[in-house]
Number of protein chains: 2
Amino acid sequence: MTQSQHHYLVVMAGGSGTRLWPLSRESKPKQFLKLSGGNKTMIQETLDRVRELFPLGNIYILTNQKYRQLVVEQVGDQFNEDQIVLEPSKRNTAPCLLLATLKIYKRDPKAKIVVLPSDHLITNNQEFINDIQFALSQADKKRLITFGIKPHYPSTDYGYIEVKKSVRFTKVVQFTEKPNFQIASNYLKKKNHLWNAGIFVWKADAFLEEFTHWQPRMYGKLFKGNDFLNTEKEDAFLKREYPLVEDISIDYALLEQSKNVYVLRSNFDWTDLGSWKSVYDILEKDWDSNVLIAQNGHLSESSNSLVRVEGNKKVIASGLDDFIVIDTPDGLLISPKENLDSLRRLLQ
Amino acid sequence: MTQSQHHYLVVMAGGSGTRLWPLSRESKPKQFLKLSGGNKTMIQETLDRVRELFPLGNIYILTNQKYRQLVVEQVGDQFNEDQIVLEPSKRNTAPCLLLATLKIYKRDPKAKIVVLPSDHLITNNQEFINDIQFALSQADKKRLITFGIKPHYPSTDYGYIEVKKSVRFTKVVQFTEKPNFQIASNYLKKKNHLWNAGIFVWKADAFLEEFTHWQPRMYGKLFKGNDFLNTEKEDAFLKREYPLVEDISIDYALLEQSKNVYVLRSNFDWTDLGSWKSVYDILEKDWDSNVLIAQNGHLSESSNSLVRVEGNKKVIASGLDDFIVIDTPDGLLISPKENLDSLRRLLQ
């Protein structure tokens, strides 16, 4: 694998999702949890997946101030302090990526940037890396590249990207919000929609040009501190100004508006692990299609269920079919998979 | 209610059952738990139920050495130290009741004794008290009296007492072990069997005479310390000799052999709360026949289920029908009621 000194990685680790309650929560969201059955947290796995593609000094972790300690604990030994960029307040992906890109562009006007969420699971890594490298080769002064995953079921949990032709790399027709089941089924039949994976590749200058065009106000607010970026004054500037920018996603602020967004049709296995059902789906099952994660657990007369108990607590469970059971010291979830959606309000 | 100075109460509180795991356990068995939905533990409720019938100084709590602290905490403020009799090791009900009766007989040769388990639930108290008083009136130099509960379902969890006639007070034909479902159903049809509630009433001298006849060896072992009983030497004697006596129940040692055992057919509501199903049965249900005991709990799309969570932990449960869910800091049980029996080995 060849590294380029102009290739940069931005890992977004500021999310505070609680959809995997009671394990994930405001104080320790998904990216800091071990969910894939292995011994690493999501953010550790994310970095391991692509580390070799980038010079170590070209990697940035963007996270919220309050997750600084978790980031330092989990991946901090690999990076300098200034590679962990702290948002003083949660402001969604648009300001976060504008900040990262301004910082990198100031350092290297030829930079090409790969943006990865820190809490998604990808299993067949070689295809993923091939796609990253292909996208890097295609990122130029114009194109903003997003990854579209070939959908294999009519998910109502993901946003979709409409494309015209079934080719590997093509211009986006439009982004669409999470559809209902019928619409999603239709997408699958027509084969002209891909899942929006939230993975982006762009040249810094292309991104900044589009951004200043579509979001001049936000651009202005952060650009006025451009002199402070990558200096010891950056922190004070961000503390003062960052909380004042709009709370808006990069999809909404830029990608849905720009005429220069391309999508790379990707075939690697991808999930955002956005629900306990999707966590169950990726874990290794026993003969009854159960997953029991407990140091001292016994599961009987059950099938298609995930039972996950923290610590050394003893658990005896029986008669569960298609259930999710998650136990932590301060929360207990017991639900059929099909009821999880209707519990979402309670879970958040 | 009239007390007699010759009436004594012996409460047996040495059991170490774990059938209500994970709430009950070796270190804190059922008699020390709040199970009936109120604010009192089983042993507190047991004493409250009959306290007025006995002079305060005539009440004895028999328990194991290791439960001394729990007894003192829960009911100790009412009694003198010497009313809490500590068995140095667990030795079942025969030696326990022989010891209690020897102690009481030495103090009062005219004593009549009521023996109550400390971990059973009785709800219609007036009938219970009427029966106790009737039994006390019938206990004489010969008769050992046991309480038989009119069975209202074919329980396979209780021992039965066979009687000849369906009268209120009659001689026992025989004791029978826990039957299977078919035999139990037959008992109900024939109306000649009562549940053995483990509640006894006898004159101390009648009991001791029968005991010395059927268990002369055990009698001898404890009687040789008769001089020490109720003195400061009792403790040392028991520590030395008690662990050497046979580990055997009063039913097996005496009642199944004696020809002088009578049974009082009782109509009060009684349960030994020997399973979570029986705990569920006695608790107040909501409209969906659920019982949710949790400070911070939400139960939806569920019916006929008991969900009990200790402490301030948040619980969200859904899709449970006919389930038992019991959560404590170090144990979690999730099971359909009908599977509880087959889990018993694991629960113990």
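Residues numbered from 1 in each chain as written. Chains lettered and ligands numbered in written order. Predicted model: local features only at pLDDT ≥ 70, side-chain atom pairs only at ≥ 80, totals over all residues. Heavy atoms only, no water.

A. View of the overall build of chain A. Helix and strand counts for chain A come out as 11 helices and 17 strands. With the C-alpha coordinates aligned to their principal axes, the bounding extent of chain A is approximately 65 × 45 × 40 Å. Within chain A, the proportion of its 348 residues that are buried is 57%. Of the contacts made within chain A by residues no fewer than 6 positions apart, 69% connect residues no fewer than 24 positions apart. Accessible surface for chain A amounts to roughly 15,200 Å². Of this, 47% is attributable to carbon and sulfur atoms. Of the charged side chains in chain A, 46 are positive and 43 negative, and the gap between their average positions amounts to 5 Å. (Helix = DSSP H or I, 4+ residues; strand = E, 2+ residues; numbered from the N terminus. Buried < 20%, exposed > 50% of the residue type's maximum accessible area, 1.4 Å probe, protein only. Contact = heavy atoms within 4.5 Å. Areas by Shrake-Rupley, 256 points an atom, 1.4 Å probe, with all protein chains shown as cover. Lys, Arg positive; Asp, Glu negative; His and termini not counted. Charge placed at Lys NZ, Arg CZ, Asp CG, Glu CD.)

B. Geometry of the relation of the copies chain B and chain A. Of the two same-sequence chains, chain B is brought onto chain A (RMSD 0.1 Å, axial shift 0.1 Å) by a rotation of 180°. Classification of the inter-copy transformation places it as that of a two-fold axis. It is Pro-329 of chain B whose C-alpha, among those of chain B, lies nearest the rotation axis, at 3.4 Å. (Least-squares fit on C-alpha atoms with pLDDT ≥ 70 in both.)

C. Quick look at the interface of chain B and chain A. Tallying the contact residues gives 30 residues for chain B and 30 residues for chain A. A buried area of about 2,300 Å², summed over both sides, lies between chain B and chain A, and 61% of it is on carbon and sulfur atoms. The interface formed by chain B and chain A includes 2 salt bridges. One salt bridge in this structure joins Lys-313 of chain B and Asp-327 of chain A, with 2.5 Å as the shortest N-O distance. (Buried area = accessible area lost by both parts, 1.4 Å probe. Salt bridge = Lys/Arg side-chain N within 4 Å of Asp/Glu carboxyl O.)

D. Local environment of the pairing of strand β14 (residues 306-309) of chain A. Residues and elements named next belong to chain A. Taking every second residue as pointing to the same face, both faces of β14 are buried, with Leu-306 and Arg-308 on one and Val-307 and Val-309 on the other. Where β14 meets strand β16 (residues 323-328), 4 bridges bridge the pair, whose relative direction is parallel. From the neighbouring strand, Val-309 faces β16, where its bridge partner is Asp-327. (Pairing = 2+ DSSP bridges.)

E. Just the packing of helix α3 (residues 93-107) of chain B against helix α7 (residues 216-223) of chain B, in detail. Residues and elements named next belong to chain B. At a minimum axis separation of 11 Å, α3 and α7 run at an interaxial angle of 50°. Taken together, the axis directions place α3 and α7 in an arrangement best described as oblique. Handedness of the α3/α7 crossing: right-handed. Here α3 contributes Ala-94, Pro-95, Leu-98, Leu-99 and Leu-102 to the contact with α7, which in turn contributes Met-218, Tyr-219, Leu-222 and Phe-223. Along the lines of polarity and charge, the residues of the contact of α3 with α7 split into 9 nonpolar, no polar and no charged. (Axes fitted to C-alpha atoms, helices over the stretch in contact; angles between N-to-C directions. Parallel < 35°, antiparallel > 145°, perpendicular 65-115°, else oblique. Left-handed = near helix turned anticlockwise from the far one by under 90°. Nonpolar A, V, L, I, M, F, W, Y, C, P; charged D, E, K, R; others polar.)

F. Seen up close, helix α5 (residues 181-190) of chain A. Its side-chain oxygen placed 3.1 Å from the backbone nitrogen of Gln-182 of chain A, Asn-180 of chain A serves as the N-cap of α5 of chain A. Positive phi appears at Lys-191 of chain A, one or two residues downstream of α5 of chain A, with a value of about 55°. (Polar contact = N/O pair within 3.5 Å; in protein donor to acceptor, adjacent residues only side chain to side chain.)

G. Region of interest: the sheet that holds strand β12 (residues 291-293) of chain A. The mixed open sheet is built from 6 strands, whose spatial order is β12(A)-β14(A)-β16(A)-β17(A)-β15(B)-β13(B). With one partner strand each, in any of the chains shown, β12 of chain A together with β13 (296-300) of chain B form the two edges of the open sheet. Neighbour to neighbour, the strand axes of the sheet diverge by 5° on average, direction disregarded. Across 6 bridges, the pairing between β16 of chain A and strand β17 (residues 331-336) of chain A is antiparallel.

H. Region of interest: the environment of Ile-122 of chain A. Residue and element names in this part refer to chain A. Along the polypeptide, Ile-122 turns up in strand β5 (residues 121-122). Linking Ile-122 and Thr-63, residues 59 residues apart in sequence, is a C-alpha distance of 21 Å. Other than its neighbours up to four places away in sequence, Ile-122 contacts Arg-49, Phe-128, Ile-199, Phe-268, Asp-269 and Trp-270.

I. Representation of the sheet that holds strand β17 (residues 331-336) of chain B. Reading across the sheet, the 6 strands line up as β13(A)-β15(A)-β17(B)-β16(B)-β14(B)-β12(B) and stay open at both edges, with mixed pairing between neighbours. In the strand order of this sheet, the two ends are held by β13 (296-300) of chain A together with β12 (291-293) of chain B, each with one partner. In this sheet, neighbouring strand axes are inclined to one another by 5° on average, regardless of whether the strands run parallel or antiparallel. Pairing of β12 of chain B with strand β14 (residues 306-309) of chain B involves 3 bridges; the strand directions are parallel. Residue pairing for β14 of chain B: Leu-292 of chain B is matched across the bridge by Val-307 of chain B.

J. View of the pattern of salt bridges. According to the stated counting rule, one finds 36 salt bridges over all chains in the structure shown. Beyond isolated ion pairs, a larger network of salt bridges with shared partners links Lys-313 and Asp-327 of chain A together with Lys-313 and Asp-327 of chain B.

K. Layout of the pairing of strand β6 (residues 144-149) of chain B. All names here are of chain B. For β6, a buried count of 6 out of 6 residues is recorded, marking the element as mostly surrounded by other parts of the structure. Where burial is concerned, the two faces of β6 agree: the one with Leu-144, Thr-146 and Gly-148 and the one with Ile-145, Phe-147 and Ile-149 are both buried. Here β6 pairs with strand β9 (residues 193-203) via 5 bridges, running antiparallel. Directly across from Leu-144, in β9, lies its bridge partner Trp-202.

L. Representation of helix α6 (residues 204-214) of chain B. When we look at burial in α6 of chain B, the residues that qualify are Ala-204, Asp-205, Ala-206, Phe-207, Leu-208, Glu-210 and Phe-211 of chain B. Buried residues along α6 of chain B sit in contact with α3, β4 (112-117), β6, β9, α7 and α9 (250-255) of chain B.

M. Representation of empty space enclosed by the protein within the structure. All names here are of chain A. Overall, the coordinates contain 5 cavities of 30 Å³ or more when judged by the stated rule. As a volume, the largest cavity reaches approximately 80 Å³. Taken together, Arg-19, Gly-274, Ser-275, Trp-276, Leu-340, Asp-341, Arg-344 and Leu-347 form the lining of the largest cavity. Of the residues assigned to the lining of the largest cavity, the class counts are 3 nonpolar, 2 polar and 3 charged. (1 Å grid on protein atoms, 1.4 Å probe; cavity = no way out; pocket = protein on both sides within 12 Å on 5 of 7 lines; lining within 4 Å. Points joined across faces, edges and corners; volume = space filled by probe spheres on them.)

N. View of the packing of aromatic side chains. All chains considered together, the criterion is met by 31 aromatic pairs over all chains. On the numbers, 5.2 Å between centres and 70° between planes, the contact of Tyr-153 of chain A with Trp-195 of chain A is edge-to-face. Residue Tyr-153 of chain A is located in the loop between β6 (144-149) and β7 (160-163), and its partner Trp-195 of chain A is located in strand β9 (residues 193-203); the two are separated by 42 residues in the primary sequence. Residue classification places Tyr-153 of chain A among the partly exposed positions, given a relative accessible area of 36%. Judged by its relative accessible area of 0%, Trp-195 of chain A is buried. Here Trp-195 of chain B and Trp-270 of chain B contribute two aromatic rings whose centre-to-centre distance is 6.2 Å and whose plane-to-plane angle is 50°, an arrangement assigned as tilted. Pair noted here: Trp-195 of chain B is in strand β9 and Trp-270 of chain B is in strand β11 (residues 270-271), with a separation of 75 residues, a long-range link. Clustering of aromatic rings is evident, with ring pairs tying together Tyr-153, Tyr-158, Trp-195 and Trp-270 of chain A. Against the face of Trp-21 of chain B rests Lys-314 of chain A, its NZ or CZ located 5.5 Å from the ring centre. (Phe/Tyr/Trp six-rings, centres within 6.5 Å; stacked < 30°, edge-to-face > 60°. Lys NZ or Arg CZ within 6 Å of the ring centre and 35° of its normal.)

O. Highlighting the environment of Gly-198 of chain B. Residues and elements named next belong to chain B. By secondary structure assignment, the location of Gly-198 is in strand β9. In this structure, the C-alpha to C-alpha distance between Gly-198 and Leu-33, residues 165 residues apart in sequence, is 20 Å. Apart from the residues lying within four places of it in its own chain, the contact partners of Gly-198 are Met-12, Val-115 and Pro-117.

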